[in-house]
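Chain residues, written in single-letter form:
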Amino acid sequence: MSRRTPTRAVVADDSHFMRSVISDILEEGGIEVVAKAKHGREAVELVDEHDPDVVTMDVEMPEMNGIEAVEQIMAMSPTPILMLSAHTDENADVTFEALEKGAVDFFTKPGGEVSMEMSRLKDQLVEMVHSVAEVDPTAQSDEPAGSSAAEGDEVLSRPAAEQYVENPTLVIGSSTGGPTVVERLLSELPVEADLRILVVQHMPDEFTERFADRLDGRSEYTVREAGDGDRIGGGEALVAAGGHHMVVSNYRRGRLRVSLTEDPPVNSVRPAVDVTMESAAEVITDPLVGVILTGMGEDGAEGIRAIKRAGGRTLVQDEASSAVYGMPKRAIETGKVDSVCSLDSIASGILDAVKPEVY
């Protein structure tokens with residue numbers, strides 16, 4: 001749905017040059033920059049004063065950094081926030097913390113000749129700002145990201161392993177708003193289910209290794225960033241490496257192998273959910289489950305079709321709990337989705353899908 005009035009943005013960055021570059025790009029893309037902040041404290045004040053549709057927030061700023069500013073904005077004047085992060089390990093960690101505090105997504109600042117690189121990426125930045133601006137920051141679940149359900153709850157109850165099918169594989173696809181949802185989902189899946197998990201999150205290559213490390217620390221599963229030729233069995237998970245498609249190349253006796261390619265983007269993204277899901281559907285002969293979470297665009301729809309054709313089970317996140325309903329909506333439109341689940345019920349939906357009576 002198009003807006004009747006231009007999207008209104010506050011731009012926060014401690015660099016005058018970057019504030020100008022970002023503001024010019026957004027203005028050229030039809031986004032009205034109503035104010036510019038040189039540090040986090042000023043950003044909080046300007047958001048309260050101008051009530052913008054979206055904020056672009058630098059990670060590292062003086063007086064108040066991006067994480068603190070996100071936390072205060074979400075407490076005082078909940079507003080969709082897009083983090084702008086540099087290509088460093090330290091910034092990757094801080095960016096994920098900002099997502100935990102309520103930021104919707106992040107965009108990586110280019111290195112080298114910043115002005116030339118930002119100009120090259122301007123269409124992507126404008127599209128992302130528009131998408132983030134559509135998010136309702138008050139509609140997300142109250143349970144903190146990465147937290148586990150209480151012991152004894154349905155999702156984390158401990159049914160015997162024989163209550164699950166043998167050798168199930170789970171493929172998860174997500175984009176905008178996805179990192180915190182994926183963290184929570186994996187934290188709620190018991191290792192007794194013996195899943196082989198493949199995660200495709202639209203994310204730059206500077207961040208996917210740290211994302212995998214975070215999932216590993218929050219899940220009973222052993223999680224790592226995928227490498228070319230990696231194999232996994234039950235109780236293990238791979239995260240698609242940024243900038244590479246993750247292809248399921250072989251499956252034998254409950255173990256699958258992946259290969260990484262730099263083939264052209266699919267659905268304008270790499271890694272693409274469709275690539276992983278379609279290859280999984282073609283190669284895996286044991287039970288297969290595909291899940292599409294929050295995200296913009298249509299990636300994953302063809303993958304859902306493929307998994308359903310292969311006799312697998314398919315689930316998507318519902319509109320109410322999705323930050324951006326693009327990917328789930330496109331998947332539903334295929335007519336091949338078995339269940340539409342709230343954020344609170346996705347994990348239990350997956351576990352239901354790998355019970356013997358389903359197959």
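Please read all numbers here as calculations on a predicted model, not as lab measurements.

Caption draft 1: Here's a closer look at the sheet that holds strand β15 (residues 339-341). The seven strands lie next to each other as β8-β10-β7-β6-β13-β14-β15, forming an open sheet whose pairing is parallel. On the outer flanks of this sheet lie β8 (222-225) and β15, each paired with one strand and no other. This sheet shows a mean twist of 20° between the axes of neighbouring strands, independent of strand direction. Note: strand β14 (residues 313-317) against β15, three bridges, orientation parallel. Residue Leu315 lies in a different strand from β15, and its bridge partner there is Ser339. In the packing of helix α10 (residues 301-309) onto the sheet, contacts are made with β13 (288-292) and β14, and the angle to β14 comes to roughly 150°.

Caption draft 2: Representation of the nonpolar core in the model. Ranked by internal contacts, the top residues of the largest apolar core, which has 62 residues, are Met57, Ile172, Leu189 and Ile197. Beyond its immediate stretch of four places on either side in the chain, Ile197 contacts Leu170, Ile172, Leu186, Leu189, Tyr221, Ile232, Glu236, Ala237 and Leu238. Listed in part, the 28 residues of the second largest apolar core include Val200, Ala241, Leu256 and Ala306.

Caption draft 3: Quick peek at the pairing of β13. Across the five residues that make up β13, a large majority, five, are buried. Where burial is concerned, the two faces of β13 agree: the one with Leu288, Gly290 and Ile292 and the one with Val289 and Val291 are both buried. Sheet analysis places strand β6 (residues 169-174) next to β13, joined by five bridges and oriented parallel. Considered in β13, the bridge of Gly173 is made with Ile292. In this structure, β13 lies alongside β14, joined through four bridges in parallel fashion. When the sheet's bridge partners are listed, Val291 is paired in β14 with Leu315. Read as a crossover between parallel neighbours, the route from β13 over α10 to β14 is right-handed.

Caption draft 4: Local environment of the side chain of Thr7. Mapped onto the secondary structure, Thr7 falls in the segment before β1 (8-12). At 3.3 Å, the side chain of Thr7 and the side chain of His130 are in polar contact. Setting aside residues no more than four positions away along its own chain, Thr7 makes contact with Gly30, Ile31, Glu32, Asp53, Val54, His130 and Ala133.

Caption draft 5: Spotlight on the sheet that holds strand β11 (residues 245-252). Spatial strand order, β9-β12-β11: three strands in an open sheet with antiparallel pairing. Either end of the sheet is taken by a strand with one partner, and the two such strands are β9 (231-232) and β11. In the sheet, β9 pairs with strand β12 (residues 255-261) via two bridges, with the strands oriented antiparallel. Bridged to Ile232 within β12 is Leu256.

Caption draft 6: Just the packing of helix α1 (residues 16-28) against helix α6 (residues 122-133), in detail. At their nearest, the axes of α1 and α6 sit 9 Å apart, and the two run at 75° to each other. Classified by the interaxial angle, the pair formed by α1 and α6 is roughly perpendicular. Along the contact surface, α1 presents Ile25, Leu26 and Glu28, while α6 presents Lys122, Leu125, Val126 and Val129. When the residues that make up the contact of α1 with α6 are grouped by side-chain class, the tally is five nonpolar, no polar and two charged.

Caption draft 7: Spotlight on helix α7 (residues 178-187). Burial analysis of α7 places 10 of its 10 residues in the buried class, which makes it a mostly covered element. Among the residues of α7, those classed as buried are Gly178, Pro179, Thr180, Val181, Val182, Glu183, Arg184, Leu185, Leu186 and Ser187.

Caption draft 8: Region of interest: a positive patch on the surface. Judged by side-chain charge, Arg231, Arg252, Arg253 and Arg257 come together as a positively charged surface patch. Along the polypeptide, Arg231 turns up in strand β9.

Caption draft 9: Fine view of unusual backbone geometry. A cis amide bond links Arg270 to the next residue, Pro271, at an omega of 10°. The residue Glu63 is not glycine, and still its phi comes out positive at about 70°. Relative to the helices and strands, Glu63 resides in the loop between β3 (54-58) and α3 (66-76). The phi dihedral of Asn267 is positive, around 60°, even though this residue is not glycine.

Parameters at a glance
Residues numbered from 1 in each chain as written. Predicted model: local features only at pLDDT ≥ 70, side-chain atom pairs only at ≥ 80, totals over all residues. Heavy atoms only, no water. Pairing = 2+ DSSP bridges. Helix = DSSP H or I, 4+ residues; strand = E, 2+ residues; numbered from the N terminus. Axes fitted to C-alpha atoms, helices over the stretch in contact; angles between N-to-C directions. Contact = heavy atoms within 4.5 Å. Core = buried A, V, L, I, M, F, W, Y, C linked by side-chain atoms within 4.5 Å. Buried < 20%, exposed > 50% of the residue type's maximum accessible area, 1.4 Å probe, protein only. Right-handed = clockwise from strand over helix to strand, strands pointing away. Polar contact = N/O pair within 3.5 Å; in protein donor to acceptor, adjacent residues only side chain to side chain. Parallel < 35°, antiparallel > 145°, perpendicular 65-115°, else oblique. Nonpolar A, V, L, I, M, F, W, Y, C, P; charged D, E, K, R; others polar. Patch = residues over 30% accessible without salt bridge, like charges linked within 9 Å, V, L, I, M, F, W, Y side chains within 5 Å. Areas by Shrake-Rupley, 256 points an atom, 1.4 Å probe, with all protein chains shown as cover. Salt bridge = Lys/Arg side-chain N within 4 Å of Asp/Glu carboxyl O. Lys, Arg positive; Asp, Glu negative; His and termini not counted. Charge placed at Lys NZ, Arg CZ, Asp CG, Glu CD.

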